[in-house]
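Observations on the model geometry
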Amino acid sequence: MALVEIKNLVKTFPLKTGWFSESRSIHAVQGVSFSIEAGETLGLVGESGCGKSTLGRSLLKLIEPTSGEIRFGGNELASLSPSEMKPYRRKMQIIFQDPYSSLNPRMTIGSILEEPLIIHKLFENRKARQARVEELLSIVGLPKDAGTRYPHEFSGGQRQRVGIARALAVEPEFIVCDEPVSALDVSIQAQIINLLMDLQDKFHLTYLFISHDLRVVEHISHRVAVMYLGKIVEVGRGDEIYSDPKHPYTKALLSAVPVPDPSSGHKRILLPGEPPQPSNPPSGCPFHPRCSVAIPECSVKVPELLPVKGKDTQSAACILVDH
Ligand code: SF4
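Note that this is a predicted model, so its numbers are computed, not measured.

What follows deals with the nonpolar core. Among the nonpolar cores identified, the biggest contains 52 residues, and Ile164, Leu168, Leu196 and Leu214 are the most heavily contacted of them. When sequence neighbours within four positions are dropped, the list of residues in contact with Leu214 reads Val45, Val224, Tyr242, Thr250, Leu253, Leu254 and Val257. By size, the runner-up hydrophobic cluster in this structure holds 32 residues, among which are Ile6, Ile36, Ile70 and Val176.

Here is the structure:
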């Protein structure tokens with residue numbers, strides 16, 4: 001059963017261009033639908049500015065979606081007020097890219113981890129909360145004395161472990177991991193990803209794992225969704241996306257992933273130019289100005305995200321793909 005389900009989620013931001021000019025909007029998320037099963041990881045990949053972080057935050061209602069449905073465990077959340085959202089806040093957490101800026105430098109790690117326990121009134125007294133803090137430090141592989149120290153005393157990887165412990169403190173069911181390893185060295189990235197996978201097994205967690213790097217999400221994701229200019233352009237099981245991608249954008253992103261054997265004939269597909277502005281999207285297929293196989297129809301027809309012919313789990317939004 002799906003734990004998280006979104007339907008036609010839209011998030012637009014008003015764009016002020018000047019006192020007397022016409023008001024315009026940035027279409028950051030444009031009618032995105034997907035579901036995530038309990039215990040599953042959906043990887044969400046796309047270039048910076050494609051709307052993936054806005055999507056993650058809208059789905060948690062950290063920013064208010066413009067329209068669309070959000071279901072969590074079958075309950076509709078989109079229309080709930082902040083006070084009605086309170087019971088769900090605990091169950092839906094977020095891990096940020098930069099743990100340093102999201103951790104208060106004046107608070108000890110112990111106080112940072114105790115804070116959500118106080119907010120959600122989870123333990124009766126200080127002693128019980130401190131025992132929980134010690135347990136959290138051990139769960140994420142930090143030493144017992146870390147609780148008395150400050151964020152600047154830790155490395156980037158250790159700080160991200162604190163970020164993970166803070167998200168886990170309130171026993172969530174679902175976590176949005178928003179580029180959690182992008183700021184870390186490659187060797188540390190693997191440790192954090194392995195930790196997240198162990199925690200998923202142990203606590204039956206469900207993840208939306210956001211990254212600009214297809215290589216990063218490969219190991220952790222059961223399914224992968226590829227986002228371009230506010231829309232999902234391809235979604236499928238990890239093995240389908242990595243071994244048989246259908247959308248030209250997915251193919252280009254994958255071709256940029258380094259291969260172990262450079263003599264294998266692997267060819268890089270170069271993406272010309274920058275992604276278009278979400279305030280001024282191209283007509284037809286939003287990818288057409290950069291697509292190496294575009295045909296004239298692509299600048300007119302908006303492709304729908306439809307199941308790929310003969311596949312139950314893979315869909316792509318491209319008029320050249322057989323549906
Ligand atoms: Fe490329 Fe056309 Fe397919 Fe868009 S619809 S991805 S422009 S071939």
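Inspection of every chain in the model, using the stated rule, returns 17 salt bridges. Glu64 serves as the salt-bridge partner of Lys61, at 2.8 Å between the closest nitrogen and oxygen. Residues Arg215 and Asp213 are paired through a salt bridge, measuring 3.2 Å at the closest nitrogen-oxygen approach. Salt bridges here are not isolated pairs; linked through shared partners, they connect Glu114, Arg126 and Arg129.

This paragraph deals with the side chain of Lys61. With respect to the helices and strands, Lys61 occurs in the loop between α1 (52-59) and β4 (67-72). Looking at Lys61, its side chain comes within polar contact range of the main-chain oxygen of Ala78, at 2.9 Å. If sequence neighbours within four positions are ignored, Lys61 has contacts with Ile70, Leu77, Ala78, Ser79, Leu80, Met85 and Arg89.

On to empty space enclosed by the protein, then. Gaps left between atoms are located by rolling a probe of water-molecule size over the structure's atoms. A complete count under the given rule lists two cavities of 30 Å³ or more for this structure. Within this model, the largest cavity holds a volume of roughly 90 Å³. Surrounding the largest cavity, 14 residues form its lining, Pro248, Cys285, Cys291, Cys298 and Cys318 being those nearest its centre. Considered as a void within the structure, the second largest cavity measures approximately 30 Å³ in volume. Glu47, Ser48, Gly49, Cys50, Tyr228, Leu229 and Pro275 are the residues that line the second largest cavity. Classifying every residue of the lining of the second largest cavity gives four nonpolar, two polar and one charged.

The final tally for this structure, using the stated rule, is zero disulfides. We note that Cys50 lacks a disulfide partner, and the nearest cysteine sulfur, in Cys285, lies 14 Å from it.

With that settled, consider the layout of surface pockets. In this model, the largest pocket occupies a volume close to 410 Å³. Looking at the lining of the largest pocket, the elements that each hand over two or more residues are α2 (82-89), β6 (92-95), α4 (109-119) and α6 (156-168). Among the elements that line the lining of the largest pocket, the one with the most residues is α4, at four residues. Split into classes, the residues belonging to the lining of the largest pocket amount to ten nonpolar, three polar and four charged.

Definitions and cut-offs
- Residues numbered from 1 in each chain as written.
- Predicted model: local features only at pLDDT ≥ 70, side-chain atom pairs only at ≥ 80, totals over all residues.
- Heavy atoms only, no water.
- Core = buried A, V, L, I, M, F, W, Y, C linked by side-chain atoms within 4.5 Å.
- Buried < 20%, exposed > 50% of the residue type's maximum accessible area, 1.4 Å probe, protein only.
- Contact = heavy atoms within 4.5 Å.
- Salt bridge = Lys/Arg side-chain N within 4 Å of Asp/Glu carboxyl O.
- Helix = DSSP H or I, 4+ residues; strand = E, 2+ residues; numbered from the N terminus.
- Polar contact = N/O pair within 3.5 Å; in protein donor to acceptor, adjacent residues only side chain to side chain.
- 1 Å grid on protein atoms, 1.4 Å probe; cavity = no way out; pocket = protein on both sides within 12 Å on 5 of 7 lines; lining within 4 Å.
- Points joined across faces, edges and corners; volume = space filled by probe spheres on them.
- Nonpolar A, V, L, I, M, F, W, Y, C, P; charged D, E, K, R; others polar.
- Disulfide = S-S within 2.5 Å.

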